[in-house]
Amino acid sequence: MSAQTSSPAGAFRTAVVPAAGLGTRFLPTTKAVPKELLPVVDTPGIELVAAEAAEAGAQRLLIVTSPGKDSVAAYFRHDDELVETLEARGKEELAQRVRRAPDLLAVESVYQYEPKGLGHAVAQAGPVLGDDEEAVAVLLPDDLVFPTGVLTRMAQVRAEHGGSVLCAFDVPPEQVSSYGVFDVSDTDDDDVKWVHGMVEKPPADQAPSSYAAAGRYLLDRAIFGALERITPGAGGELQLTDAVAVLIDEGHPVHVVVHRGGRHDLGNPAGYVRAYVDHMLGHPEYGESLRGWLNDRLKE
């Protein structure tokens, strides 16, 4: 890719979405339908993530996929014939919804041919970044973070502090053992912490903080060099957090933005159902009906 005009400090042009997994927790459905295309009411999770990236200023979505999952990128292609058919039938609102995803931002894909972990997936983006791209966003499609806006805040923090910026949630003590937890110190902003390290799934009494990692990263381009210097961990996988630890050790600034909203985990059936119900309850056409049915059902 040829170089383009440099972006402002803290900004990014490319958002990377790792989507090469098999979706094993949703088998056998995911034999035919990629997990990323399962609908949250009427919108696939990956479109919600793409819209979040576009809102924060991304111009390109780079999907890291695996052979046989080309339908994920294909979802973002224009379908003029379908749009014309809908418009001819007077279904303009539906036609607009079909056009929505392809119009969000440019979409490309690269392949991860072996399941070697999140770090390996992110590394596939390095060779296709523009020479002037100094940072790249990574959004895990299993994580729906709401309300949107945290990625924009992360870009602001990078502009102020440089380096890499991650997203964190302040979780109750009884939940910290389920997450990667940051070792942090305060800044002059209560929602911005300086990261010194990270502990994976610590016991509650050994956790360095209550700030747990979420699936949003704004990474300095130096991450690609760090990914080349780490060694595989369990299962031969390259962990993105190990590369971030290398950056910290080498003196690169790393911060987290503490997101005070919520999140849904689309990577497992229970989290997916919560996300579906939550979005359906806010639907202008179906929300009230579902709310009434849920109230009645829970009384039984």
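Residues numbered from 1 in each chain as written. Predicted model: local features only at pLDDT ≥ 70, side-chain atom pairs only at ≥ 80, totals over all residues. Heavy atoms only, no water.

Per an unreviewed UniProt entry, the protein goes by UTP--glucose-1-phosphate uridylyltransferase and derives from Pseudonocardia parietis. Quoted straight from UniProt, the Sequence similarities (unreviewed entry) entry for the protein says "Belongs to the UDPGP type 2 family." The record held by UniProt for the protein lists under Catalytic activity (unreviewed entry) the comment "alpha-D-glucose 1-phosphate + UTP + H(+) = UDP-alpha-D-glucose + diphosphate". (UniProt positions renumbered as here; feature names shortened; annotations may be inferred.)

Regarding the environment of arginine 89
Considering the arrangement of structural elements, one finds arginine 89 in the loop between helix H3 (80-88) and helix H4 (92-104). The class for arginine 89 is exposed, based on a relative accessible area of 63%. Taking the C-alpha atoms as reference points, arginine 89 and leucine 298, 209 residues apart in sequence, are found 40 Å from one another. (Helix = DSSP H or I, 4+ residues; strand = E, 2+ residues; numbered from the N terminus. Buried < 20%, exposed > 50% of the residue type's maximum accessible area, 1.4 Å probe, protein only.)

Considerations on the nonpolar core
Formed by 45 residues in total, the largest nonpolar core has its most connected members in Leu61, Ile63 and Met154. At five residues, helix H6 (residues 150-161) tops the list of elements feeding residues into this core. Contact partners of isoleucine 63, with chain neighbours within four places excluded, come to Val17, Ala19, Ile46, Val72, Ala73, Phe76, Val107, Glu108, Ser109 and Val110. (Core = buried A, V, L, I, M, F, W, Y, C linked by side-chain atoms within 4.5 Å. Contact = heavy atoms within 4.5 Å.)

Some details on the UniProt feature "domain: Nucleotidyl transferase" (unreviewed entry) in the protein
As annotated by UniProt and renumbered to match this structure, "domain: Nucleotidyl transferase" (unreviewed entry) occupies residues 15-276. Between the end C-alpha atoms of residues 15-276 the distance is 24 Å, and the span holds 31% helix and 27% strand.

Topic: helix H8 (residues 240-249)
When we look at burial in H8, the residues that qualify are Leu240, Ala243, Val244, Val246, Leu247 and Ile248. Count one or two residues on from H8 and you reach glycine 251, which has phi positive near 95 degrees.

Quick notes on a negative patch on the surface
Taken together, the side chains of Asp79, Asp80, Glu81 and Glu84 define an acidic patch exposed on the protein surface. With respect to the helices and strands, the residue aspartate 80 is situated in helix H3. Judged by relative accessible area, aspartate 80 falls into the exposed class, the value being 52%. (Patch = residues over 30% accessible without salt bridge, like charges linked within 9 Å, V, L, I, M, F, W, Y side chains within 5 Å. Areas by Shrake-Rupley, 256 points an atom, 1.4 Å probe, with all protein chains shown as cover. Salt bridge = Lys/Arg side-chain N within 4 Å of Asp/Glu carboxyl O. Lys, Arg positive; Asp, Glu negative; His and termini not counted. Charge placed at Lys NZ, Arg CZ, Asp CG, Glu CD.)

Digging into the pattern of salt bridges
Summed over the entire model, instances satisfying the criterion amount to 21 salt bridges. Between lysine 116 and glutamate 114 there is a salt bridge, with its nearest N and O atoms 3.4 Å apart. In this structure, arginine 291 and glutamate 288 form a salt bridge, with 3.6 Å as the shortest nitrogen-oxygen distance. Within this pair, arginine 291 and its partner glutamate 288 are both found in helix H10 (residues 287-299), separated by three residues, close to a single helical turn. A relative accessible area of 36% means that arginine 291 is categorised as partly exposed. One salt-bridge network, in which partners are shared between bridges, spans Arg13, Arg60, Glu108, Asp132 and Glu133.

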